Amino acid sequence: MRTIDWVDGAIEIIDQTLLPDKLTILRLTSVDRLIDAIERLAVRGAPALGVAGAFGAALASRTAVPAAVPAAIERIATARPTAVNLARCARRAGDRLAEGPEAVLAEALLIRDEEIAASLEMGRRGADLVIDRCGPAATVLTHCNTGALAAVTGGTALAAVVELHRRGTLAGVIASETRPLLQGARLTAWELGAAGVPFRLAVDGAGPFLMARGEVDAVILGSDRICANGDVVNKIGSYAHALGAKAAGIPFIVVAPESTIDPDTPSGAAVTIEDRGPEEVVAFGTRAVAPPATRAVNPAFDVTPAALVTAIVTDRRTIRLDLGERP
Ligand code: MRU
């Protein structure tokens, strides 16, 4: 099953807000519905957002009056600000507009197929690196959700984790729950369970302590934007795991497709970090946990400085930041 696809003239996605309770396919037939799905995180994760942006451009080219199509594509491109894949892929597909809607769709389908191929390659390369650094029985810690749900199939860091398991070289996984929207608890746990991978769930704050106690051999996670200097933007909580990994002397490995590397962003300081407002923080799911009128700060992403990153594995190369290499 694909997380996102183009089916009979519309976009179909797995509604990730309903998992793990319900596996529901949402059919998106308008740009407004797509933008709503992106904002609500019904479709999420950098590669999946890229494909959503590209299919969105195809949808806009078919459904909007011609003069309104470029603006519709820009609305999609900017529906969430941090993952570079969304804007990049929406604009890449939109660049074919002058050739007509079929050309836009052809580009979007190509982007989908590239992401599927990239996941396969990242899985292999990521697993190779973990075995090389940690031996044949590693326990890895992962954060947020980087599996098939974050891409089309396979995923990024989780593709490597599943590949380690397939090769018989994985002792286990610690998945951090990923407050406030629980992508780790709801989505990664669901995917690892379905793949038969042994895992335990931990609260986000437990990560660095588990590393200090020698219970983690490597941290492996994805990215929403990799800057020219090697700074890695990813789900809030990643930076704390990177600091923990540095203190414990274990590798901090980032797995992401080339489409997540952004040479136009010099460093993490230049990235717009989405703030999703207080409601997600003052409540746990739908249940309020903080006193009424509590103010909150809710950055959805953070920046891990390049100096804390051991390596970035893409679908084409392994960039050894610990050896001074840069994207
Ligand atoms: O807010 P989300 O769920 O879209 O954030 C997703 C992440 O931060 C992932 O770690 C990242 O996109 C890499 S996914 C392959």
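In case you missed it, the structure is sitting above this.
Residues numbered from 1 in each chain as written. Predicted model: local features only at pLDDT ≥ 70, side-chain atom pairs only at ≥ 80, totals over all residues. Heavy atoms only, no water.

A. Molecular detail of unusual backbone geometry. Cis peptide bonds are those with omega within 30 degrees of zero, and the linkage from Leu-19 to Pro-20 qualifies with 5°. Within the element layout of this structure, Pro-20 appears in the loop between strand E2 (10-14) and strand E3 (25-28). The omega torsion of the bond from Arg-179 to Pro-180 falls at 0°, within 30 degrees of zero and hence cis. Notably, Thr-178 is not glycine yet its phi reads approximately 70°, a positive angle. In this structure, Thr-178 sits in the loop between strand E5 (170-176) and helix H7 (183-195). Within the chain, Leu-182 stands out as a residue other than glycine whose phi angle is a positive 60°. Position of Leu-182 among the secondary structure elements: in the loop between E5 and H7. Judged by its relative accessible area of 14%, Leu-182 falls in the buried class. (Helix = DSSP H or I, 4+ residues; strand = E, 2+ residues; numbered from the N terminus. Buried < 20%, exposed > 50% of the residue type's maximum accessible area, 1.4 Å probe, protein only.)

B. Local environment of the packing of aromatic side chains. Within this structure, the stated rule accounts for 1 aromatic pair. Ring geometry for Trp-6 against Phe-55: centres 5.8 Å apart, planes inclined by 45°, an arrangement best described as tilted. Taken together, the residues Trp-6 in strand E1 (residues 4-7) and Phe-55 in helix H2 (residues 46-63) connect sequence positions 49 residues apart. Both residues of the pair, Trp-6 and Phe-55, belong to the buried class. (Phe/Tyr/Trp six-rings, centres within 6.5 Å; stacked < 30°, edge-to-face > 60°.)

C. Structural detail: the site of the ligand. Surrounding the ligand, one finds 18 residues, the nearest of these being Arg-44, Arg-80, Asp-224, Asn-234 and Lys-235. Separating an oxygen atom of the ligand from a side-chain N or O atom of Gln-183 is a distance of 2.9 Å. Separating an oxygen atom of the ligand from a side-chain N or O atom of Lys-235 is a distance of 2.7 Å. In isolation the ligand has 410 Å² of accessible area, and contact with the protein removes 100% of it. Structurally, the ligand is housed in the largest cavity. (Near = heavy atom within 4 Å. Polar contact = N/O pair within 3.5 Å; in protein donor to acceptor, adjacent residues only side chain to side chain. Areas by Shrake-Rupley, 256 points an atom, 1.4 Å probe, with all protein chains shown as cover. 1 Å grid on protein atoms, 1.4 Å probe; cavity = no way out; pocket = protein on both sides within 12 Å on 5 of 7 lines; lining within 4 Å. Sits in = over half its atoms within 2 Å of the grid points.)

D. How the structure looks around the sheet that holds strand E10 (residues 252-255). Taken in spatial order, the 7 strands make up an open sheet running E6-E5-E4-E7-E10-E15-E16, and their pairing is mixed. Whereas interior strands pair on both sides, the edge strands pair on one side only; in this sheet they are strand E6 (199-202) and strand E16 (318-319). Here 3 bridges tie strand E7 (residues 218-221) to E10, and the two strands are oriented parallel to one another. Paired with Ile-220 across the strands is Ile-253, a residue of E10. The strands touched by helix H5 (residues 101-134) are strand E4 (138-143), E7, E10, strand E15 (311-313) and E16; relative to E15, the strand with the most contacts, the crossing angle is about 150°. (Pairing = 2+ DSSP bridges. Contact = heavy atoms within 4.5 Å. Axes fitted to C-alpha atoms, helices over the stretch in contact; angles between N-to-C directions.)

E. Focus on the sheet that holds strand E9 (residues 232-235). The mixed open sheet is built from 4 strands, whose spatial order is E11-E8-E9-E14. Each of the sheet's edge strands pairs with one partner strand only, and the pair in question is strand E11 (261-262) and strand E14 (301-304). Across the sheet, helix H9 (residues 238-248) lies against E9 and E14, angled at about 30° from E14, the strand it touches most.

F. Expanded view of the environment of Asp-128. Structurally, the position occupied by Asp-128 is in helix H5. The class for Asp-128 is partly exposed, based on a relative accessible area of 42%. For Asp-128 and Ala-160, which are 32 residues apart along the polypeptide, the C-alpha to C-alpha distance reads 8.5 Å.

G. Here's a closer look at the pairing of E5. Taking burial as the measure, the 7 residues of E5 include 6 buried ones, the bulk of the element. Pairing of E4 with E5 involves 6 bridges; the strand directions are parallel. Directly across from His-143, in E5, lies its bridge partner Ser-176. Note on the crossover from E4 through helix H6 (residues 157-166) to E5: the handedness is right-handed. By the bridge criterion, 4 bridges tie E5 to E6 in an arrangement that is parallel. Within E6, the position partnered with Ala-175 by the bridge is Leu-201. (Right-handed = clockwise from strand over helix to strand, strands pointing away.)

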